[in-house]
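Okay, here's what each chain looks like letter by letter:
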Amino acid sequence: MASAAEQLAANLNLGAFAKADELKKRIWFTLGALIIYRLGTYIPLPGINPDALADVFRQQSGGFLGLFNMFSGGAVGRMAIFALNIMPYISASIIIQLMTSVVPSLEQLKKEGEQGRKIINQYTRYGTVLLATFQAYGISVGLESAANVVTDPGMFFRVSTVITLVGGTMFLMWLGEQITARGIGNGISLIIFAGIVAELPRAIVGMFELGRQGALSTPIILGICVMAVIVIAFIVFFERAQRRILIQYPKRQVSATRMTGGESSHLPLKLNTSGVIPPIFASSLLLLPTTFAGLAATGGPEWLTTLTTYIGHGRPLYMALYVALIVFFAFFYTAIVFNPQETADNLKKYGGFVPGIRPGERTGQYIDYVLTRITVVGAAYLSIVCLIPEILVSYAAVPFYFGGTSLLIVVSVTMDTVAQVQGHLYASQYEGLIKKAKLRGPRR
């Protein structure tokens, strides 16, 4: 006989979706917020010559500028008010999370629950403003150094550019928080997802145009399509993969004739606990030094120019740093979101144990051992998914939208959003069942 959960899943249909009023409100709110974000990517900065900017971007789009443009949904190529996108916020989050593991006062705030989390979030916002200001000033100086891009260069242009770009980043940060609280899915991830998906049709058309012109051969185009399908299947398989640890609960005597417990359950550990965070964090950190180096490379010291050359997109040093940062953040983020000793203590508190392992500290060590091993596999999976397409992008001149990072973000965010939609549908179905049953308390 099918379980209640299976029966509930079988009853999920368009009719159930039509009755889920709360879910529909959340979806409409999310779509409206993403439309506002996309409209902002078409509002240009004041004082920019669009034709000259298009020529400059066309010459430099093969480097890190093209990657940055991918995450911003084309806003960099148009130099829109959302050109910085949400990257300064992500970079500030990385720095604050690193500091919580090093600075005792921040570590104590992290343990204070909701109040401490609010203070840490406020520090992250301050860091976002600081990083966005530096990046915006660097963009303004870089635009002035390009020929005929700025119609009236000077301090007024720099100040207005910094204010506009920082304001755009802070607005996107607020919009992402609103999507997370009142919409569906993770707001920050959905903003990046929307930017990639919106530019994907143009990238596909551009790839076929390169094939028509003879720049890309037909076997390479077919290979790209096959690779994209294989990578998507690879991502879905590993994102759904779990390592299940068997948990046993002992039998307990609750009365003279009745015993409870004795069931067995499992503790699911995802193969990729960190999700899409490591590639995003790694890309964001690599963009920071490259942006500053590109700003000072024209008049800076020789070593800075050399550094800019070696960490350019597609270079061996860039790929090595990319993989190293992915592995580091895979372990770092897993350690933040999952505490094996705390999980072991909770199991011991409720009487659960791993067969053959002593409850308490030994169980925590065992869970940590298993988690470390599967994190190695998860980090290797992320590195392969992100590195192989990067090589193809560098040596076959394929658009950045077909890179492993973009495919990973699109697939992972889609799976996470669909899972949240299913969760809301389940909740709506349960509410419908309760109303139909007309459950009432005992009458006096």
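The protein chain appears in an unreviewed UniProt entry as Protein translocase subunit SecY from Flaviflagellibacter deserti. Recorded in UniProt under Sequence similarities (unreviewed entry), the annotation for the protein chain is "Belongs to the SecY/SEC61-alpha family." Listed under Subunit (unreviewed entry) in UniProt, the entry text for the protein chain is "Component of the Sec protein translocase complex. Heterotrimer consisting of SecY, SecE and SecG subunits. The heterotrimers can form oligomers, although 1 heterotrimer is thought to be able to translocate proteins. Interacts with the ribosome. Interacts with SecDF, and other proteins may be involved. Interacts with SecA."

Draft legend 1. Quick look at the overall build of the protein chain. Each helix and strand counted, the protein chain has 18 helices and four strands in total. Counting across all 444 residues of the protein chain, residues that qualify as buried make up 43%. Here the analysis covers contacts within the protein chain between residues at least 6 apart in sequence; of these, 74% occur between residues at least 24 apart. Of the accessible surface of the protein chain, which amounts to about 23800 Å², a share of 63% is contributed by carbon and sulfur atoms.

Draft legend 2. Structural detail: the side chain of Arg26. By the element assignment, Arg26 lies in helix H3 (residues 21–40). Non-local contacts of Arg26, meaning those with residues more than four positions away in its chain, are made with Ala181, Arg182, Gly183, Ile184 and His424.

Draft legend 3. Geometry of the pattern of salt bridges. Taken as a whole and assessed by the stated rule, the structure comprises five salt bridges. Note that Arg158 is salt-bridged to Glu144, the shortest N-O span being 2.8 Å. Taken together, the residues Arg158 in helix H10 (residues 155–182) and Glu144 in helix H9 (residues 114–145) connect sequence positions 14 residues apart.

Draft legend 4. How the structure looks around the packing of H3 against helix H11 (residues 187–213). With their axes 10 Å apart at the nearest point, H3 and H11 run at an angle of 60° to one another. At the point where H3 passes H11, the crossing takes the right-handed sense. Listed contacts from H11 to Thr30, Leu34, Tyr37 and Arg38 of H3 are Leu190, Ile191, Ala194, Gly195, Ala198 and Glu199. Looking at the contact of H3 with H11, its residues break down into six nonpolar, two polar and two charged.

Draft legend 5. The arrangement of the packing of helix H7 (residues 87–100) against H9 in detail. H9 packs onto H7 with a crossing angle of 130° between their chain directions and a minimal axis gap of 8 Å. With respect to their mutual orientation, H7 and H9 come out oblique. Every pair of crossing elements has a handedness; the one defined by H7 and H9 is right-handed. Across the interface between the two elements, Pro88, Tyr89, Ser91, Ala92, Ser93, Ile95, Ile96 and Thr100 from H7 touch Ile120, Tyr123, Thr124, Gly127, Thr128, Leu131, Ala132 and Gln135 from H9. Per-class residue counts for the contact of H7 with H9 are nine nonpolar, seven polar and no charged.

Draft legend 6. View of the packing of aromatic side chains. Applying the stated rule across the entire model yields 11 aromatic pairs. Look at Phe328 and Phe329: their rings are 5.1 Å apart centre to centre, the planes differ by 70°, and that puts the pair in the edge-to-face class. Linked through ring pairs, Tyr37, Phe82, Phe171 and Trp174 together constitute an aromatic cluster.

About the criteria used
- Residues numbered from 1 in each chain as written.
- Predicted model: local features only at pLDDT ≥ 70, side-chain atom pairs only at ≥ 80, totals over all residues.
- Heavy atoms only, no water.
- UniProt positions renumbered as here; feature names shortened; annotations may be inferred.
- Helix = DSSP H or I, 4+ residues; strand = E, 2+ residues; numbered from the N terminus.
- Buried < 20%, exposed > 50% of the residue type's maximum accessible area, 1.4 Å probe, protein only.
- Contact = heavy atoms within 4.5 Å.
- Areas by Shrake-Rupley, 256 points an atom, 1.4 Å probe, with all protein chains shown as cover.
- Salt bridge = Lys/Arg side-chain N within 4 Å of Asp/Glu carboxyl O.
- Axes fitted to C-alpha atoms, helices over the stretch in contact; angles between N-to-C directions.
- Left-handed = near helix turned anticlockwise from the far one by under 90°.
- Nonpolar A, V, L, I, M, F, W, Y, C, P; charged D, E, K, R; others polar.
- Parallel < 35°, antiparallel > 145°, perpendicular 65-115°, else oblique.
- Phe/Tyr/Trp six-rings, centres within 6.5 Å; stacked < 30°, edge-to-face > 60°.

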